[in-house]
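So you can see what is in the structure, the chains are spelled out below.
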Amino acid sequence: MSGSNSYFNAKPYIPASLSEIYDTLGSMILGAPTFVDRWGDFPNRNIDSEFNKLTQGFALVRKKLGEERYAKLIDLAARAKALFAADQDDTNGKTDEGRALLFEIEDEIQAARRGRVKAKLPDEDGEITGD
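1. Remarks on unusual backbone geometry
Phase 1 of the analysis: Residue proline 33 is reached from alanine 32 by a cis peptide bond, and omega for that bond is 5 degrees.
Phase 2 of the analysis: Of note, proline 33 is situated in the loop between α1 (18-31) and α2 (47-60).
Phase 3 of the analysis: Phi is positive for phenylalanine 35, close to 65 degrees, though the residue is something other than glycine.
Phase 4 of the analysis: Summarising the element assignment, phenylalanine 35 is placed in the loop between α1 and α2.
Phase 5 of the analysis: Classification of phenylalanine 35 as buried rests on a relative accessible area of 2%.
Phase 6 of the analysis: Positive phi outside glycine occurs at lysine 120, with the angle close to 60 degrees.
Phase 7 of the analysis: Accessibility expressed as a relative area gives 62% for lysine 120, which makes it exposed.

Take a look at the structure:
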């Protein structure tokens, strides 16, 4: 293992449930606009890796989201990423606009979870959790 970064993971974490996506969004809101780990523990983390993780997570729960909500989330994510990319120094207000879109994504995820609970749809473990 000499010379390699012990934190490097060839298969990065992808959130696989609605609650995991919600948790991911919380860390993204804090990491905006660059998403770079300022402590250097995760040198491969950046805007591309974080939004890739988010949109791959959407794909994993696509059936739970429904096509209309899935398309909306993909659009919101693309718009947020573009805003963050246009404000890497957090000086022109686009970061705040991007964060607002991440909060909108959170709202959509929570709405999907509430809908699943209301409809009594079980998660992978057969429980009614909203996932």
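Having seen the structure, we can now continue with the description.
2. Describing the packing of aromatic side chains
In this description, an aromatic ring pair is defined by two values, namely the gap between the centres and the angle between the planes.
Phase 1 of the analysis: Enumeration according to the criterion identifies three aromatic pairs in this entry.
Phase 2 of the analysis: Summarising the aromatic geometry, the rings of phenylalanine 51 and phenylalanine 84 are spaced 6.1 Å apart at their centres and angled 45 degrees between planes, so their arrangement reads as tilted. Placement of phenylalanine 51 in helix α2 and of phenylalanine 84 in helix α4 (residues 67-85) is noted, with a sequence separation of 33 residues between them. Comparing phenylalanine 51 with phenylalanine 84 shows no difference in burial state: the two are buried.

3. With respect to the environment of lysine 81
Phase 1 of the analysis: Along the chain, lysine 81 turns up in helix α4.
Phase 2 of the analysis: For the pair formed by lysine 81 and phenylalanine 51, sequence separation is 30 residues and the distance between their alpha carbons is 7.1 Å.
Phase 3 of the analysis: The contacts of lysine 81, once residues within four sequence positions are left out, are Ile47, Asp48 and Phe51.

4. Some details on α1
Phase 1 of the analysis: For α1, with 14 residues, the first-to-last C-alpha span of 20 Å sits near the 20 Å given by 1.5 Å per residue.
Phase 2 of the analysis: Listing the buried residues of α1 in full gives Leu18, Ser19, Ile21, Thr24, Leu25, Met28 and Ile29.
Phase 3 of the analysis: Turning to α1, the residues buried within the fold contact α2, α3 (62-65) and α5 (94-118).

5. Points about the nonpolar core
One recurring pattern in soluble globular proteins is that nonpolar side chains are buried together.
Phase 1 of the analysis: In this structure, Phe51, Leu54, Phe58, Leu65, Leu102, Ile105 and Ile109 are the most contacted members of the largest nonpolar core, which totals 25 residues.
Phase 2 of the analysis: Listed by contribution, the elements that provide at least two residues to this core are α1, α2, α4 and α5.
Phase 3 of the analysis: Those residues in contact with phenylalanine 51 that sit more than four places away from it in its chain are Met28, Phe35, Ala77, Ala80, Lys81, Phe84 and Leu102.

6. Details of the packing of α2 against α4
Phase 1 of the analysis: Axis separation between α2 and α4 bottoms out at 10 Å; the angle between their running directions is 175 degrees. Judged by the angle between their axes, α2 and α4 are roughly antiparallel. In contact with Ile47, Asp48, Phe51, Leu54, Thr55, Phe58 and Ala59 of α2, α4 contributes Tyr70, Leu73, Ile74, Ala77, Ala80, Lys81, Phe84 and Ala85.
Phase 2 of the analysis: Tallied by class, residues from the contact of α2 with α4 come to 12 nonpolar, one polar and two charged.

7. Some remarks on the pattern of salt bridges
Phase 1 of the analysis: Taken as a whole and assessed by the stated rule, the structure comprises 10 salt bridges.
Phase 2 of the analysis: We note a salt bridge from aspartate 48 to lysine 81, for which the minimum N-O separation is 2.8 Å. Within this pair, whereas aspartate 48 is found in helix α2, its partner lysine 81 is found in helix α4, the two being separated by 33 residues in sequence.
Phase 3 of the analysis: Lysine 81 gets classed as partly exposed once you look at its relative accessible area, which sits at 28%.

Thresholds applied
- Per chain, residue numbering runs from 1 following the sequence as it is written.
- This being a predicted model, a pLDDT of at least 70 is required before a residue's local features are given, and a value of 80 or more before pairs of side-chain atoms are given or counted; all residues contribute to the totals for chains, interfaces and linings.
- In computing side-chain properties, one takes all heavy atoms of the structure into account and sets aside hydrogens as well as water.
- Where helices and strands are cited, they refer to DSSP runs of H or I of at least four residues and of E of at least two residues respectively, numbered from the N terminus.
- Using a 1.4 Å probe on the protein chains alone, a residue whose accessible area is under 20% of its type maximum counts as buried, one over 50% counts as exposed, and one in between counts as partly exposed.
- By convention, a stacked pair of Phe, Tyr or Trp rings (six-membered ring in the case of Trp) has centres within 6.5 Å and planes under 30 degrees apart, an edge-to-face pair has planes over 60 apart, and any other such pair is tilted.
- Note on definitions: a residue-residue contact is assigned when non-hydrogen atoms from the two residues lie within 4.5 Å.
- Every helix has an expected span of 1.5 Å times one less than the residues it contains.
- The set of buried Ala, Val, Leu, Ile, Met, Phe, Trp, Tyr and Cys residues whose side-chain atoms join them within 4.5 Å is what this entry labels a nonpolar core.
- Note on method: axes are straight lines fitted to C-alpha atoms, helices fitted across the in-contact stretch only, with angles between N-to-C directions ranging 0 to 180 degrees.
- Here is the rule for angles: anything less than 35 degrees is roughly parallel, anything more than 145 is roughly antiparallel, 65 through 115 is roughly perpendicular, and the remaining ranges are oblique.
- In this classification, Asp, Glu, Lys and Arg are treated as charged, Ala, Val, Leu, Ile, Met, Phe, Trp, Tyr, Cys and Pro as nonpolar, and every other residue, Gly included, as polar.
- The rule for a salt bridge is simple: a side-chain nitrogen of Lys or Arg has to be within 4 Å of a carboxyl oxygen of Asp or Glu.

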